[in-house]
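Structure at a glance
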Amino acid sequence: MRRLVGIFVLLLLGSGTSADVQQRLVLSTIEGTPNGVIGAAVLKAAYGKLGIDLDIYYTSGKRSLLVAASGSVDGEVLRVGTVSEMHPTLIRIGVPIHTLEVSAFSKRSNAPKQRVEDLPYLRVGHLRGAVLPEDVTRHLSDVWRANSNRELFKLLMADKLDAVLTSTVTEAVTIRQLGIEEGEIVGQPIGRENLYHFLHKKHADLVPEITTVLEQMAASGELDAIITALTEELLGGKFPVHAGNVE
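Keep in mind that this is a model prediction, so the values were computed, not measured.

Side note on the packing of aromatic side chains
For the coordinates displayed, the defined rule picks out one aromatic pair. Arranged with centres 6.3 Å apart and planes meeting at 55°, the rings of F105 and F153 form a pair that is tilted. Placement of the pair is F105 in strand 5 (residues 98–107) and F153 in helix 7 (residues 149–157), with a sequence separation of 48 residues. Summarising the burial analysis for this pair, F105 and F153 share the class buried. A cation over an aromatic ring shows up here: R92 above the ring of Y196, its NZ or CZ 4.6 Å from the ring centre.

Observations regarding helix 3 (residues 34–48)
The end-to-end C-alpha separation of helix 3 is 21 Å, in line with the 21 Å expected for 15 residues at 1.5 Å each. Within helix 3, eleven of the 15 residues are buried, which leaves the element mostly enclosed by the surrounding structure. Here helix 3 has its buried residues at P34, N35, G36, V37, I38, G39, A40, V42, L43, A46 and Y47.

Section: the side chain of S167
With respect to the helices and strands, S167 occurs in strand 8 (residues 163–167). A polar atom in the side chain of S167 sits 2.7 Å from the side chain of T170. Sequence-distant contacts of S167, that is, excluding residues within four places in its chain, are made with N35, L100, E101, V102 and F105.

As for the nonpolar core
Grouped together as the largest cluster of nonpolar side chains are 57 residues, with contacts concentrated most on Y47, L199 and L214. Among the elements that take part in this core, helix 3 stands out by supplying seven residues, more than any other. Apart from residues lying up to four places away in sequence, L214 is in contact with V42, L43, A46, I93, V95, I97 and L223. Of all hydrophobic cores here, the second largest spans eleven residues; its members include F153, L155, L161 and V164.

Here we look at the pattern of salt bridges
For the coordinates displayed, the defined rule picks out twelve salt bridges. Between R192 and E101 there is a salt bridge whose closest N-O contact spans 2.0 Å. Taken together, the residues span a long stretch of sequence, with R192 in strand 9 (residues 185–200) and E101 in strand 5 at a distance of 91 residues. On the accessibility criterion, E101 (37% relative accessible area) is partly exposed. For the salt bridge of D118 with R115, the shortest nitrogen-to-oxygen distance reads 3.1 Å. Via salt bridges that share partners, R24, D53 and D55 belong to a single interconnected network.

Overview of helix 4 (residues 61–70)
Among the residues of helix 4, those classed as buried are G61, S64, L65, V67, A68 and A69. Remark: G71 follows helix 4 within two positions and exhibits a positive phi of approximately 90°.

What about the side chain of K107?
In this fold, K107 is placed in strand 5. Of note is the side chain of K107, whose polar atom sits 3.2 Å from the side chain of D159. In contact with K107, not counting residues within four places along its chain, are L156, M157, D159 and E184.

What to know about the environment of E193
Its place among the elements puts E193 in strand 9. Separated by 112 residues in sequence, E193 and G81 place their C-alpha atoms 8.1 Å apart. In this view, E193 contacts V80, H98, T99, L100 and L132; residues no more than four positions away in its chain are not counted.

Topic: the packing of helix 9 (residues 207–220) against helix 10 (residues 222–235)
One can describe the packing of helix 9 onto helix 10 by two numbers: an axis separation of 4 Å at closest approach and a directional angle of 75°. On the basis of their axis angle, the class for helix 9 and helix 10 is roughly perpendicular. In this structure, helix 9 uses L214, M217, A218 and S220 to contact helix 10, whose residues at the interface are E222, L223 and I226. Here the residues of the contact of helix 9 with helix 10 sort into five nonpolar, one polar and one charged.

Quick notes on the packing of helix 3 against helix 10
Two elements in contact, helix 3 and helix 10, have axes separated by 10 Å at closest approach and are oriented at 140°. Note that helix 3 runs across helix 10; the crossing there is right-handed. Taking contact as the criterion, the partners of P34, V37, I38, A41, V42 and A45 in helix 3 are, on helix 10, E222, L223, I226, I227, L230, T231 and L234. Partitioning the contact of helix 3 with helix 10 into residue classes produces eleven nonpolar, one polar and one charged.

Conventions and cut-offs
- Residues numbered from 1 in each chain as written.
- Predicted model: local features only at pLDDT ≥ 70, side-chain atom pairs only at ≥ 80, totals over all residues.
- Heavy atoms only, no water.
- Phe/Tyr/Trp six-rings, centres within 6.5 Å; stacked < 30°, edge-to-face > 60°.
- Helix = DSSP H or I, 4+ residues; strand = E, 2+ residues; numbered from the N terminus.
- Buried < 20%, exposed > 50% of the residue type's maximum accessible area, 1.4 Å probe, protein only.
- Lys NZ or Arg CZ within 6 Å of the ring centre and 35° of its normal.
- Expected span 1.5 Å × (residues − 1).
- Polar contact = N/O pair within 3.5 Å; in protein donor to acceptor, adjacent residues only side chain to side chain.
- Contact = heavy atoms within 4.5 Å.
- Core = buried A, V, L, I, M, F, W, Y, C linked by side-chain atoms within 4.5 Å.
- Salt bridge = Lys/Arg side-chain N within 4 Å of Asp/Glu carboxyl O.
- Axes fitted to C-alpha atoms, helices over the stretch in contact; angles between N-to-C directions.
- Parallel < 35°, antiparallel > 145°, perpendicular 65-115°, else oblique.
- Nonpolar A, V, L, I, M, F, W, Y, C, P; charged D, E, K, R; others polar.
- Left-handed = near helix turned anticlockwise from the far one by under 90°.

If you want it as structure tokens, here you go:
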């Protein structure tokens, strides 16, 4: 897998000089997720201020962490803070660039008998490699891990799952893509975590620079403006195909 990712990275970088390569990074993120799209936009703006171009490698949640931690790519777009404990080769940039709000979503017809505290007794699904849902479901006995949110919500609507754990924005985007009527699915909050950008340790020299840029963007309101604008676009149905909008 590392060899394949290496080939992908070389293709992205092209045949420029070594100086060109130094001005371009490849970051991985989870395909088909609004948070990945939003985080990529924030970081492209941030690294652009340093004269560095970004390419984004969209892949599964598990693979995204593995290629970032191994150094096959240059880092992860955004993840919960505990990722640096799980993967010591990844350096957390200490400025939160987004917030992950995870809820347990159920069909409205089943919701009254499916409370958050009932999760141990339910058939629960979440995106493979999603750290917070993985932690929440660690001790549950009936858990389905899928490669796409579309798959999860299709299973939910077919009564093959009782609950799906994902973010509020992801749920809204996914049910719109699937043509599910608003109100057919309801959610109950189960957790909220800040999301951070991670660089592989080989780029430790960039950590102070990108930290300063993100602090300035947060203080000026630019960071929030990017997040707000992109969230509105995503909820309006403008999900980019290149971001891995998979079935």
